[in-house]
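# Descriptive structure summary
Now for the letters of each chain:
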Amino acid sequence: MKKICFALIKLLALPLIFVACASNKLEGSKGSDFHFSECDKILIFGNFNNYKKNNALYRDMLESEVKNQFSLNGIKAYKSSEVPDFFDFKGDNFESGKFLNDNDVDLLLNIRIPSCGASFDKKRVEMKTKFDITAFDAKTDEILFECSAKIKEKGDDLTDCMRNTFKSLSKKMAGI
């Protein structure tokens, strides 16, 4: 009887171990049939409006990583941080501007970080970050895709950890 109970406990615990170890997840809530590969040109907006410190640096890092990943997949991408005053950002609504029309942009990609936590030890930083990702049709402002991503990464310092986190997110997004 003890052997059967022990075997049952192991069998039930095994899926929990795999779920607990899965540190990088992407969970879609809308547009599960959407694929970035269907777009020719994407404008990336690293939305750090709720962060006061280092938001320009982290915005540029995030947009660069996503842009590089899209480029590897043959998609032309623009970083919003390089386009002066191309739109007004208000909550989750975009007002398309001249840049979008002049460059025939298909998609506006809003990447927001609602929560982020870091722990420090003597040599490394570990960070757990949640991203909310929304893809809008650039012409109609219709939401084509929404998802959340949870990324857990380590780095030598906070900036290195953020860069590793953005790389992980970019690689996950490339699979969409």
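Parameters and conventions
- The numbering scheme is per chain: residues are counted from 1 as the chain's sequence reads.
- Predicted model: local features are reported for residues with pLDDT of at least 70 only, side-chain atom pairs are reported and counted for 80 or more only, and whole-chain, interface and lining totals are derived from all residues.
- Note that the side-chain values use all heavy atoms of the structure and ignore hydrogens as well as water.
- Salt bridge, as used here, is a side-chain nitrogen of Lys or Arg placed within 4 Å of a carboxyl oxygen of Asp or Glu.
- Labels follow the DSSP assignment, with helices taken as runs of H or I lasting at least four residues and strands as runs of E lasting at least two, numbered in each case from the N terminus.
- Only protein chains enter the calculation, and the probe is 1.4 Å; a residue is then buried if its accessible area is under 20% of its type maximum, exposed if over 50%, and partly exposed in between.
- Take the buried residues of types Ala, Val, Leu, Ile, Met, Phe, Trp, Tyr and Cys, join any two whose side-chain atoms come within 4.5 Å, and each joined set is a nonpolar core.
- By the convention used here, residues are in contact when the closest approach between their heavy atoms is within 4.5 Å.
- What pLDDT conveys is the predictor's confidence in a given residue, as a value from 0 to 100.
- Contacts described as polar in this section are N or O atom pairs within 3.5 Å, which, within protein, must combine one atom able to donate a hydrogen with one able to accept it, while residues neighboring in sequence count only if both atoms come from side chains.
- Put simply, two rings from Phe, Tyr or Trp (the six-membered ring, in Trp's case) pair if the centres are within 6.5 Å, and we call them stacked under 30 degrees between planes, edge-to-face over 60, tilted for the rest.
- Every axis in this analysis is a line fitted to C-alpha atoms, fitted for helices over the stretch in contact. Angles between the N-to-C directions lie between 0 and 180 degrees.
- In this scheme the handedness of a crossing depends on how the near helix is turned from the far one: anticlockwise by less than a right angle means left-handed, clockwise means right-handed.
- Note on pairing: two strands pair once DSSP finds at least 2 bridges between them.

This part takes up the pattern of salt bridges. Tallied over the entire structure, the rule returns 10 salt bridges. One salt bridge connects Asp-60 with Lys-79, and the closest N-O pair in it is separated by 2.6 Å. Of this pair, Asp-60 sits in helix H2 (residues 55–72) while Lys-79 sits in strand E3 (residues 76–79), placing them 19 residues apart in sequence. According to the relative accessible area criterion, Asp-60 is partly exposed, its value standing at 33%. For Lys-79, a relative accessible area of 7% gives the class buried. Between Lys-139 and Asp-104 there is a salt bridge, with the nearest N and O atoms lying 3.4 Å from each other. With Lys-139 in the loop between strand E7 (125–137) and strand E8 (143–155) and Asp-104 in the loop between helix H3 (98–102) and strand E6 (107–120), this residue pair connects regions lying 35 residues apart in the sequence. Residue classification places Lys-139 among the exposed residues on the basis of a relative accessible area of 53%. Salt bridges sharing common partners tie together Asp-60, Lys-67, Lys-79 and Glu-82.

Let us look at the nonpolar core. Residues Phe-36, Phe-70, Leu-109 and Ile-111 are the most contacted members of the largest nonpolar core, which totals 32 residues. For this core, the elements supplying multiple residues, two or more each, are strand E2 (41–47), H2, E6, E7, E8 and helix H4 (158–174). When neighbours within four sequence positions are excluded, Phe-36 is seen to be in contact with Ile-42, Phe-70, Ile-75, Leu-107, Leu-109, Met-173 and Ile-176.

To continue, consider the confidence of the model for the chain. Here the chain averages 75 in pLDDT, while 72% of its residues score no lower than 70. By mean pLDDT, the top-scoring element of the chain is E3 (91), and the lowest-scoring one is helix H1 (residues 2–21) (32). A low-confidence stretch, residues 1–23 (pLDDT under 50), is modelled with three contacts involving residues beyond four sequence positions or located in other chains.

Along the chain, Asn-47 falls in strand E2. Reaching out from Asn-47, the side chain makes a polar contact with the side chain of Asn-110 at a distance of 3.5 Å.

A few words on the packing of aromatic side chains. Evaluated as defined, the whole model comprises six aromatic pairs. Geometrically, the ring pair formed by Phe-34 and Phe-145 is stacked, given 5.5 Å between the ring centres and 25° between the ring planes. Pair noted here: Phe-34 is in the loop between strand E1 (25–30) and E2 and Phe-145 is in strand E8, with a separation of 111 residues, a long-range link. A relative accessible area of 5% means that Phe-145 is categorised as buried. Ring centres of Phe-36 and Phe-145 lie 6.3 Å apart, and the angle between their planes is 70°; on these two criteria the pair is classed as edge-to-face. With Phe-36 in the loop between E1 and E2 and Phe-145 in strand E8, the pair connects residues that are 109 residues apart, well separated along the chain. Taken individually, Phe-36 and Phe-145 each receive the classification buried, so the pair is uniform in this respect. Feature note: the residues Phe-34, Phe-36, Phe-70 and Phe-145 constitute an aromatic cluster, connected by ring pairs.

Another aspect to go through is the packing of H2 against H4. Contact geometry of H2 with H4 gives a least axis separation of 9 Å together with a crossing angle of 35°. Along this stretch, H2 crosses H4, giving a crossing that reads as right-handed. When H2 is examined against H4, the residues Leu-57, Tyr-58, Met-61, Leu-62, Glu-65, Val-66, Gln-69 and Phe-70 are found in contact with a partner set consisting of Leu-158, Thr-159, Met-162, Arg-163, Phe-166, Lys-167, Leu-169, Ser-170, Lys-171, Met-173 and Ala-174.

Glancing now at the pairing of E2. Of all seven residues in E2, six are buried; the element is thus mostly enclosed. In terms of strand pairing, E2 meets E3 through four bridges, oriented parallel. By the bridge assignment, Leu-43 is partnered in E3 with Tyr-78. Of the pairings in the sheet, the one linking E2 to E6 comprises six bridges and is parallel in character. Looking at the pairing, Ile-42 lines up with Leu-107 of E6.

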